[in-house]
Amino acid sequence: MGTFELEGEEIIDREAKEFGGSAHVTVPKDWRGADVKVIRVSDPDETTDEA
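Below or above, wherever it landed, is the structure these notes cover. (Residues numbered from 1 in each chain as written. Predicted model: local features only at pLDDT ≥ 70, side-chain atom pairs only at ≥ 80, totals over all residues. Heavy atoms only, no water.)

### A short note on the overall build of the protein
In step 1: Within the protein one finds 0 helices and 2 strands.
In step 2: Out of the 51 residues belonging to the protein, those deemed buried represent 2%. (Helix = DSSP H or I, 4+ residues; strand = E, 2+ residues; numbered from the N terminus. Buried < 20%, exposed > 50% of the residue type's maximum accessible area, 1.4 Å probe, protein only.)

### A short note on the environment of Val38
In step 1: Here Val38 is to be found in the segment after β2 (22-24).
In step 2: When its relative accessible area of 68% is taken as the criterion, Val38 is described as exposed.
In step 3: Residues Val38 and Val25, 13 residues apart in the sequence, show an inter-C-alpha distance of 8.7 Å.

### A closer look at the pattern of salt bridges
In step 1: Applying the stated criterion across every chain yields a total of 2 salt bridges.
In step 2: Here Arg40 ties to Asp43 by a salt bridge, and the two come within 3.5 Å at their closest N and O atoms.
In step 3: Taking the relative accessible area as the measure of exposure, Asp43 reaches 66% and is therefore exposed. (Salt bridge = Lys/Arg side-chain N within 4 Å of Asp/Glu carboxyl O.)

### A closer look at the environment of Asp43
In step 1: As for its position among the elements, Asp43 is in the segment after β2.
In step 2: Taking the C-alpha atoms as reference, Asp43 lies 10.0 Å from Met1; in sequence the two are 42 residues apart.

### Things to note about a nonpolar patch on the surface
In step 1: A cluster of nonpolar residues, Met1, Phe4, Leu6, Ile39 and Val41, forms a patch on the protein surface that exposes about 620 Å² of accessible area.
In step 2: Residue placement: Phe4 occurs in the segment before β1 (17-19).
In step 3: In this structure Phe4 comes out as exposed when scored by relative accessible area, which is 60%. (Patch = residues over 30% accessible without salt bridge, like charges linked within 9 Å, V, L, I, M, F, W, Y side chains within 5 Å. Areas by Shrake-Rupley, 256 points an atom, 1.4 Å probe, with all protein chains shown as cover.)

### A closer look at the environment of Pro28
In step 1: Position of Pro28 among the secondary structure elements: in the segment after β2.
In step 2: We classify Pro28 as partly exposed; its relative accessible area is 26%.
In step 3: As for Pro28 and Ile12, which are separated by 16 residues in sequence, their C-alpha atoms are 9.2 Å apart.

In structure tokens, the structure reads:
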């Protein structure tokens, strides 16, 4: 795992959720229009919750 140093305003800790053929991370609505960086901090979990 690499080490990154970033300066910013806020941080959130979320899980990337399935979204069609990709994934997404939801951020607060008031972040619209802001520059955002996403850093993966673990290996993806290959298991899925298919019904």
